[in-house]
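# Working through the structure, step by step
Residue-level listing of the chains:
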Amino acid sequence: MKKIILSLCMVLALAACDDKKETAQANAKPVIKIGATLPLSGDLSYVGIGAQNALNMLLDKWQKENTKYDYQIIYEDDMVKPQQAVLNTHKFIDINQANVVISVFGVVDRPVDEIANQNKVISLSCSYGKDKVPEYGFNTSPQNEEIYVSVIQELKKKNVKTVALLGSNAAVSNVLLGYAAEHLPKDGIEVIFDERYNIGETDFRLSIQKMEQKSPDYYILFGVEPMNSIFIRQYNEITGKNNITSMGNFPSISLKVFPPINDIWSAYVIGNNEAFEKEYFEKYQNRVEACSANLYDGLDMIIKAFESTGLREGDVIPNNIEVLKTVKNFKTWNGAVGKAKIEPTGIMHMDVPVRVYKDGQWVKIEE
């Protein structure tokens, strides 16, 4: 009899557990999965880790809210290699069933965009000089004209008349420097050199000596690292001068390798919100890196859109294209990068400040 009662108790207990499990499953929130392919190793790992930190920081913020959905981020390392980014994206979509994929920089984001678009998945990117995205794409980086405006204003303050434009044989260099080459003559500045170097090239001394024979007033760089940091160092060693700037990527170079040459200035594409920079530093004891603030804002908008977009009949989560439509309908956003405008095309616009390098930090230029 005791055995029968004990067995009955066990059956009832198991049934109660099953009931609780079914109730928990019934009460569980639908999950929105986000795949992020980032350079988590290699020369640009500081960019990928910075983006990962910012995205985790955002997720922490939303997890304190009573949201309709749970949000999960899956990270994969692409080392800024397009082939790996493609594999990561297929994994996110085919295996993880991601609703959103995230990528940084023009080296990898175009194929990510394409795969996501084919699968009707939102593709959130931060890519300089990228002014067109597919239907499901959303780019949070500043645009050519905004970066150019900050540079040309500073060049005019310094009465610059001639420049050399230097970059890498890469799409991102050609887009930004090509824009500058087209517009500088219209603003009264002659482009006397417009050079591209093969990715991986490390000796620019002969090229510098050749260009110095014509003595351009300023050198403007936008190359793929480590081109920029090596060029600056070699240029300073040869000439002793610091009349060199960038279309935004100097502040994106790791402070461990950036040449310690004071008073070099640059467009500062990292952001324009000191409160966010302070909060990030307090949490991670490190500076905000390139694209960290941009992706923070992009995913912040996407999560807000998931929370506020209605459901189609029979669906448990909002449709991706309707979520992206909600994002575009925000029109403006005041977040980690500062104030920004959102175009119906999925492109963001924002002011780009200028900062100067002083003793290992990029600081505001004093008026």
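Look a little higher up for the structure.
Below or above, wherever it landed, is the structure these notes cover. (Residues numbered from 1 in each chain as written. Predicted model: local features only at pLDDT ≥ 70, side-chain atom pairs only at ≥ 80, totals over all residues. Heavy atoms only, no water.)

### Considering the side chain of Thr162
Mapped onto the elements of the fold, Thr162 is located in strand β6 (residues 162-168). Thr162 has contacts with Ile189, Glu190, Ile192, Ser215, Pro216, Asp217 and Tyr218, leaving out every residue within four places of it along the chain. (Helix = DSSP H or I, 4+ residues; strand = E, 2+ residues; numbered from the N terminus. Contact = heavy atoms within 4.5 Å.)

### A closer look at helix α4 (residues 109-118)
When α4 is considered as a whole, its buried residues turn out to be Asp109, Val112, Asp113, Ile115 and Ala116. For α4, the elements touching its buried residues are β1 (31-38), α3 (82-95), β3 (100-104) and β4 (122-126). Of the residues one or two after α4, Lys120 is the one with positive phi, at around 60°. (Buried < 20%, exposed > 50% of the residue type's maximum accessible area, 1.4 Å probe, protein only.)

### Details of the sheet that holds strand β12 (residues 338-342)
Within the open sheet, the three strands sit side by side as β11-β12-β13. Their pairing is antiparallel. Strand pairing shows two members of the sheet lacking a second neighbour, β11 (332-335) and β13 (348-350), which therefore form its edges. For this sheet, the mean inter-axis angle between neighbouring strands, taken without regard to orientation, is 30°. Relative to β13, β12 runs antiparallel, the two sharing three bridges. (Pairing = 2+ DSSP bridges. Axes fitted to C-alpha atoms, helices over the stretch in contact; angles between N-to-C directions.)

### Observations regarding the packing of helix α2 (residues 45-63) against helix α10 (residues 292-308)
Taken N-terminus to C-terminus, the directions of α2 and α10 make an angle of 30°; their axes are 8 Å apart at the nearest point. With respect to α10, the element α2 is oriented roughly parallel. The two elements α2 and α10 meet at a crossing, and its hand is right-handed. For the pair α2 and α10, the contacting residues are Gly50, Ala51, Ala54, Leu55, Met57, Leu58, Leu59, Lys61 and Trp62 in the first and Ser292, Leu295, Tyr296, Leu299, Asp300, Ile303, Lys304 and Glu307 in the second. Of the residues belonging to the contact of α2 with α10, the class tally is eleven nonpolar, two polar and four charged. (Parallel < 35°, antiparallel > 145°, perpendicular 65-115°, else oblique. Left-handed = near helix turned anticlockwise from the far one by under 90°. Nonpolar A, V, L, I, M, F, W, Y, C, P; charged D, E, K, R; others polar.)

### Some points on the sheet that holds β6
Spatially, β7-β6-β8-β9 is the arrangement adopted by the four strands of the open sheet, whose pairing is parallel. Edge positions in the open sheet fall to β7 (190-197) and β9 (244-246), since each of these has one partner strand only. The mean inter-strand angle of the sheet, taken between neighbouring strand axes irrespective of direction, is 20°. With five bridges connecting them, β6 and strand β8 (residues 218-222) associate as parallel partners. In the sheet register, Val163 faces β8, and the bridge partner there is Tyr218. The strands touched by helix α8 (residues 227-239) within the sheet are β6, β7, β8 and β9, with β8 carrying the most contacts at an inclination of about 160°.

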